[in-house]
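The chain contents come next:
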Amino acid sequence: MSNESAKIYAKLTQNAGQKASLTSSIVPQLAWALHRLYPALIIFDGFLSNVLWCCDDKCLPFINLVLWTLAIGLIDPRGSSFVAKSVYVWLGLMSAFFLTFSWFYYVSSVVRDLEQAEPPTADDIVIVMENVVFKLKRLADDFRLLLDRRALRRLTVYVLLLTPFYVFATHFFWGPRDILTGILVIGGLFHSSWCQSTLRLCWRSLWVRRLWYFLSPQSNGVSQAKPYIVLSENSEIPFPRALEGIVGHELGIKLQKIISDPIVWDGDHAGKVNVKIVEFQIDENQRKWPSDGWTSGLLPYERPKFSFTANTPWLAASSPWEFQENLDRCWFWMDDCWKPSSWTYFDSGWRFKGQNDSIDCYTRNRTWKRKAYRLL
Amino acid sequence: MSETRVFGHKKSLLGDLMARKYEKSVEPTLASESGRGSGDTVSNRELIHGVASSLFEATLTRFRASKTADEISIEEDFERYATAAQSESSDSFWKDENFRQDYESSVTGEAKDVTPKKSAIPRAVEETQEHFVDILLDKMISRILPEEFPEREHFTQRVNDPTRRRRDKLSATIFANNLKVLTAKMGSVFEFQDSVIRLLAWRNPSGTVTMLIVVTIVCFDPIFLTILPLLFVLYGLMIQGYTQRHSLRRRAYLSRNVYGKSLLVSLASGGKRTSWGYGDSVHEYDYRTGADDINAIRANQIKQSMEFVVNLRDLQNSMTMLVLLSNSLEKFIYGTAGFKEEHRSTALFLVGLIAIIPLWIAGRFINWSVVSSLSVWAVMLAIHPKLRPKLTKIVKQEQIEMGKEVLSRTERYGIILDEPPEERFVEIFEIYKQGITPHVWDFYLYSPCIFDPSDSFRKAKKPPPGTQDLDSVFAPATWSYERNTGWEIDCNIAKWALEWGKDLKVDEDFFLVDDSFKRRRLKRKVVRYARPARKPSYRM
């Protein structure tokens with residue numbers, strides 16, 4: 001019990017703390033401009049709340065969406081008979097009128113409420129502005145989570161390339177009314193927490209990710225693959241008289257000790273040999289699984305168990321021991337064995353996090369290194 | 001007798017409790033007792049014992065009172081309740097206007113018989129006794145409930161509902177009486193429940209096949225959903241009522257033995273049909289049961305008591321079922337649907353989503369009448385007691401195990417939980433105390449309190465909660481430290497001082513200084529993968 005009482009828990013910092021009042025610190029012209037801007041800000045904030053479905057009454061955005069759909073139906077009224085068409089036209093007209101009037105009513109009610117209420121302080125206005133900025137950021141984030149800049153560019157290309165298909169589809173299957181309705185419904189629902197949660201849950205599925213990466217393959221820069229980094233392009237290595245007369249592969253082997261443990265030869269050397277010294281680096285990659293912990297089971301679209309890190313983003317490799325078996329015979333090892341570095345931790349997208357395992361780390365790698373040289 | 005015990009030697013205990021806890025609210029009831037018992041001081045333990053035994057005795061009194069009432073008969077007891085409650089379902093409702101002379105004479109006869117029994121317990125005393133115990137119980141119930149519920153605001157709408165305010169308050173008497181009446185009447189409900197079970201278990205094969213045919217008809221023509229209840233009311237209830245009164249006498253004698261068997265019944269019977277109370281014999285209530293036929297009354301009473309007990313048992317079992325059902329429902333809502341196990345819930349969500357899309361698209365091309373009626377027939381045939389073992393033999397256990405294994409593998413490796421966790425910052429104050437000279441500061445402790453002159457600990461001249469070692473500062477519940485970042489000094493001292501509303505001197509080492517202490521804020525990043533799953537309010 002005493003142990004329990006000795007535990008001290010740090011408190012979470014509160015972002016919504018007290019702030020310096022702006023009322024006295026801003027110039028009157030700016031305050032006046034902000035005051036004029038206030039109704040527009042409130043209306044824009046209300047619009048954003050509707051788009052994000054974060055308003056108090058969640059039925060209203062739905063009703064608005066239905067009314068918009070009915071109003072769009074005026075482009076090409078549904079129904080085959082005259083009566084059905086008339087009903088749809090009437091519904092569309094009513095919806096359009098209702099939407100227009102409700103818009104004016106909302107704007108006028110905002111203005112009237114503001115007139116009746118106390119004039120807002122500069123802080124009130126700034127709070128609404130911050131709210132608007134926050135909501136706009138959320139809108140952008142919803143897209144950013146789905147698409148990075150490259151993917152967005154690719155998507156744009158796809159969308160443009162598929163233009164003949166749209167023409168074909170609009171001609172034979174869906175008319176402009178259906179396409180507009182579809183865009184409206186998708187656009188209206190996209191930022192709702194339901195749609196965003198669904199997308200996030202779908203992204204948890206390996207099959208969805210595979211499909212996504214199949215449709216948008218990533219380039220790995222394979223063409224410039226080199227499994228090593230060069231430590232020395234051209235080194236002059238003196239060798240003792242004892243090795244005189246030995247050439248080729250045998251000399252390479254005999255030089256291993258001299259290069260690894262360089263001794264300064266005081267002039268009593270038979271000659272010099274030029275070598276290129278490199279360090280082979282193979283990354284061992286792992287992923288954290290909730291039930292198994294860290295394993296070499298990686299996702300099909302990401303880097304495999306072993307990869308060369310000398311290149312960006314990565315190139316698949318075999319294990320260091322397999323690699324050395326298949327290495328060209330012109331290379332001679334300087335180190336006795338492969339040496340691993342400590343683990344480095346990354347997030348799920350292989351973005352660096354640190355040297356320690358933490359909740360936000362989902363992947364890690366360590367580099368197996370071994371120096372080698374070849375005679376020039 | 002019992003109430004004397006309750007308010008005899010225990011009265012000081014109760015009085016003390018009431019005086020301590022309930023104060024004014026029960027003053028009128030127990031004013032005299034508390035007055036008399038005020039001189040004695042009673043320990044808390046005695047008090048609890050006293051209250052517990054008083055409650056027990058009060059319950060016992062109620063039980064005895066109801067037992068005495070049971071001796072009379074259930075009907076009389078019900079009649080008494082019905083009169084007291086002044087409800088619409090008064091006894092006159094059951095009196096047939098065509099047979100006025102019969103029931104009037106029988107009631108007076110019964111009344112004459114019963115009067116001597118009732119005289120054993122004077123009605124006035126009984127009423128007072130019940131009334132007093134009820135008041136006590138009601139008061140206990142209403143006072144035991146805490147004044148401030150944690151989620152009172154959830155209930156306020158319901159409590160303040162004008163239609164609800166007119167209704168009765170929570171009362172042990174009404175509750176017990178309702179339970180008693182309901183138990184007596186629940187027989188038909190349980191009989192219905194049994195008949196449904198018989199249908200599903202193929203113990204009434206002709207009934208099951210009829211049900212399947214009816215379901216098929218409804219599947220092909222849903223208008224029957226409205227017609228069938230009406231048909232039931234007309235022919236299941238009204239025609240029954242009519243034949244009860246105007247018997248059509250379709251046969252002369254009831255046959256003793258039934259020879260021959262139906263092929264359908266022999267083929268499809270899933271078990272013995274164990275039902276009672278069947279048959280088309282018309283019961284005629286004998287209104288002329290006189291006082292001399294005591295045995296018949298006695299037999300009837302035994303049958304009623306038995307039925308009552310059986311009903312009570314069934315009610316209890318239904319409640320147990322309800323509890324089990326609510327438990328599993330709760331497990332689903334708060335567990336699987338509450339993302340308690342994220343893998344499973346995600347898999348379930350995705351399966352549901354995948355099911356929705358083809359249903360939406362292909363749904364209009366499917367003949368739902370055929371599909372639904374065939375599936376009902378298939379399910380009913382599959383659960384037939386004779387067919388089920390044969391079907392389970394076809395599906396091998398190993399295959400099921402393999403399927404489960406594949407499912408769990410898919411769930412484990414097909415669902416990837418790698419969302420970036422929620423990130424926040426925590427703060428702790430590194431507090432120094434002024435030493436001998438103004439420039440000497442000694443480390444005091446790390447504390448979540450800012451410990452400025454307005455701090456309550458400071459005012460009380462007590463050290464704030466804190467520790468000497470930063471390693472013993474833990475992240476708040478459900479959070480954990482991000483291990484790749486450590487504690488950092490918050491250099492933006494003006495900002496955090498303003499956030500905390502502190503207007504103190506600032507020194508160059510990011511300290512906020514007052515006359516005898518200085519402190520600086522340390523920040524560290526904390527992360528959590530998810531918030532705790534939702535829980536029912538009573539488990540909070």
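Just so you know, these numbers come straight off a predicted model, no measurement behind them.

1. Things to note about the overall build of chain B
The number of helices and strands found in chain B is 21 helices and eight strands. Looking at chain B as a whole, 27% of its 540 residues are labelled buried. Across chain B, the fraction of contacts at a sequence separation of at least 24, relative to all contacts at a separation of at least 6, is 68%. Carbon and sulfur atoms form 61% of the exposed surface of chain B, whose accessible area is close to 38300 Å².

2. A few points about the overall build of chain A
Within chain A, the secondary structure is distributed over twelve helices and twelve strands. Taking the intrachain contacts of chain A between residues at least 6 apart in sequence as the baseline, contacts between residues at least 24 apart amount to 69%. Of the roughly 23600 Å² of accessible surface on chain A, a fraction of 63% belongs to carbon and sulfur atoms.

3. Remarks on the interface of chain A and chain B
One widely used convention gives an interface's size as the accessible area the parts lose upon coming together. With 38 residues of chain A at the contact, the number on the chain B side is 45 residues. In total, about 3700 Å² of surface goes out of reach between chain A and chain B, with carbon and sulfur atoms giving 58% of it. Three residues stand out in chain A for area buried against chain B, namely Ile-8, Leu-12 and Arg-204 of chain A, and they jointly supply 22% of the buried area on that side. Counting across the interface, chain A meets chain B through five salt bridges. Elements that contribute at least two residues to the side of chain A that touches chain B include exactly β1 (8–9), β2 (11–12), α9 (193–203), α10 (206–215), β4 (269–289) and β11 (352–354) of chain A.

4. A word on the pattern of salt bridges
Side chains that differ in charge, positive against negative, can pair when their charged atoms come close. Residue and element names in this part refer to chain A. Throughout the structure, instances matching the rule amount to 25 salt bridges over all chains. With its nearest N and O atoms 3.3 Å apart, the salt bridge here joins Asp-357 to Lys-288. Of this pair, Asp-357 sits in the loop between β11 and β12 (363–375) while Lys-288 is found in strand β4, placing the two residues 69 residues apart along the sequence. Take Asp-357: its relative accessible area is 22%, and that puts it in the partly exposed class. Classification of Lys-288 as partly exposed rests on a relative accessible area of 22%.

5. What to know about helix α17 (residues 368–382) of chain B
Taking 1.5 Å per residue, 15 residues should reach 21 Å; α17 of chain B reaches 20 Å between its end C-alpha atoms and fits that length. For α17 of chain B, the secondary structure elements touched by its buried residues are α11 (187–200) and α12 (205–220) of chain B.

6. Digging into the domain arrangement of chain A
Residue and element names in this part refer to chain A. By the assigned domains, chain A splits into domain 1 (28–215) and domain 2 (228–375). A separation of 54 Å is found between the C-alpha centroids of domain 1 and domain 2. Here domain 1 and domain 2 share an interface that buries about 380 Å² over both sides, 75% of which is from carbon and sulfur atoms. Considering only the side of domain 1, the residues that lose the most area to domain 2 are Leu-206, Arg-209 and Tyr-213, jointly responsible for 80% of the buried surface there. Summed over the shared surface of domain 1 and domain 2, the number is zero salt bridges. Broken down by class, the residue content of the side of domain 1 that touches domain 2 amounts to two nonpolar, no polar and two charged.

7. Notes on the UniProt feature "transmembrane region" (unreviewed entry) in chain A
Residue and element names in this part refer to chain A. Here, UniProt's "transmembrane region" (unreviewed entry) annotation points to residues 37–54, 59–75, 87–106 and 155–174. Secondary structure across residues 59–75 divides into 82% helix and 0% strand, with the first and last C-alpha atoms of the span separated by 26 Å. End-to-end, the C-alpha atoms of residues 87–106 are 28 Å apart, and along that stretch the chain is 100% helix and 0% strand.

8. Side note on the nonpolar core
Generally speaking, a soluble globular protein has its nonpolar side chains buried in company with each other. If you look at the biggest cluster of nonpolar residues, it comprises 15 residues, and the most contacted ones within it are Phe-280, Ile-282, Phe-323, Trp-331 and Trp-338 of chain A. Counting only elements with at least two residues in this core, the list comes to β4, β6 (306–308), β8 (331–333) and β12 of chain A. Sorting elements by how many residues they give to this core places β4 of chain A first, with three residues. Residues contacting Ile-282 of chain A, with those up to four places away along its chain left out, are Phe-306, Ser-307, Phe-308, Ala-317, Ser-318, Pro-320, Phe-323, Trp-338, Arg-366, Thr-367 and Trp-368 of chain A. Counting 14 residues, the second largest nonpolar core, distinct from the first, contains Ala-10 and Leu-12 of chain A together with Tyr-446 and Ala-475 of chain B.

9. Focus: the UniProt feature "transmembrane region" (unreviewed entry) in chain B
Residues annotated by UniProt as "transmembrane region" (unreviewed entry) correspond here to residues 211–237 and 346–362 of chain B. End C-alpha atoms of residues 211–237 of chain B are separated by 18 Å, and the span's content is 89% helix alongside 0% strand.

10. Here we look at the pairing of strand β2 (residues 441–447) of chain B
All names here are of chain B. In this sheet, β2 lies alongside strand β1 (residues 422–434) in antiparallel orientation, the contact comprising six bridges. Looking at β2, one finds that Glu-430 is bridged to Tyr-446. The turn joining β1 and β2, which pair antiparallel and follow one another in sequence, is formed by six residues.

11. What to know about unusual backbone geometry
You will see that Trp-350 of chain A, though not glycine, has its phi angle at about 60°, which is positive. Accessibility expressed as a relative area gives 13% for Trp-350 of chain A, which makes it buried. A positive phi is found at Trp-202 of chain B, a non-glycine position, where the angle reads about 60°. Structurally, the position occupied by Trp-202 of chain B is in the loop between α11 and α12.

12. A short note on the pairing of strand β8 (residues 517–528) of chain B
Residue and element names in this part refer to chain B. Of all twelve residues in β8, eleven are buried, a share of seventy percent or more. Where β1 meets β8, twelve bridges bridge the pair, whose relative direction is antiparallel. Bridging across to β8, Phe-429 finds its partner in Arg-521. Examined bridge by bridge, strand β4 (residues 480–481) and β8 share two bridges and lie antiparallel to one another. Bridging from a neighbouring strand, Ser-480 pairs with Val-527 of β8. Judged from the two bridges that link them, strand β5 (residues 488–489) and β8 form a sheet pairing that is antiparallel. Paired with Ile-489 across the two strands is Leu-522, which belongs to β8. In terms of strand pairing, strand β7 (residues 512–513) meets β8 through two bridges, oriented antiparallel. Within β8, the position partnered with Leu-512 by the bridge is Arg-519. Count of turn residues in the β7/β8 antiparallel hairpin: three residues.

13. As for the side chain of Thr-344 of chain A
You can see Thr-344 of chain A is positioned in strand β10 (residues 344–346). Setting aside its immediate chain neighbours within four residues, Thr-344 of chain A contacts Phe-352, Gly-354, Gln-355, Thr-363, Arg-364 and Asn-365 of chain A.

14. Considering the packing of α11 of chain B against helix α15 (residues 294–336) of chain B
Helix-helix packing is described using two parameters, namely the angle between the two axes and the distance between the axes. Residues and elements named next belong to chain B. For the pair α11 and α15, the least separation of the axes is 10 Å and the interaxial angle reads 60°. With respect to α15, the element α11 is oriented oblique. In the crossing of α11 with α15, the sense of the turn from one axis to the other is left-handed. On the side of α11, the interface is formed by Gly-187, Phe-190 and Gln-193, while α15 contributes Asn-311, Asp-314, Leu-315 and Ser-318. Taken together, the residues that form the contact of α11 with α15 break down as two nonpolar, four polar and one charged.

Procedures and definitions
Residues numbered from 1 in each chain as written. Chains lettered and ligands numbered in written order. Predicted model: local features only at pLDDT ≥ 70, side-chain atom pairs only at ≥ 80, totals over all residues. Heavy atoms only, no water. Helix = DSSP H or I, 4+ residues; strand = E, 2+ residues; numbered from the N terminus. Buried < 20%, exposed > 50% of the residue type's maximum accessible area, 1.4 Å probe, protein only. Contact = heavy atoms within 4.5 Å. Areas by Shrake-Rupley, 256 points an atom, 1.4 Å probe, with all protein chains shown as cover. Buried area = accessible area lost by both parts, 1.4 Å probe. Salt bridge = Lys/Arg side-chain N within 4 Å of Asp/Glu carboxyl O. Expected span 1.5 Å × (residues − 1). Domains from an automatic or database assignment. Nonpolar A, V, L, I, M, F, W, Y, C, P; charged D, E, K, R; others polar. UniProt positions renumbered as here; feature names shortened; annotations may be inferred. Core = buried A, V, L, I, M, F, W, Y, C linked by side-chain atoms within 4.5 Å. Pairing = 2+ DSSP bridges. Axes fitted to C-alpha atoms, helices over the stretch in contact; angles between N-to-C directions. Parallel < 35°, antiparallel > 145°, perpendicular 65-115°, else oblique. Left-handed = near helix turned anticlockwise from the far one by under 90°.

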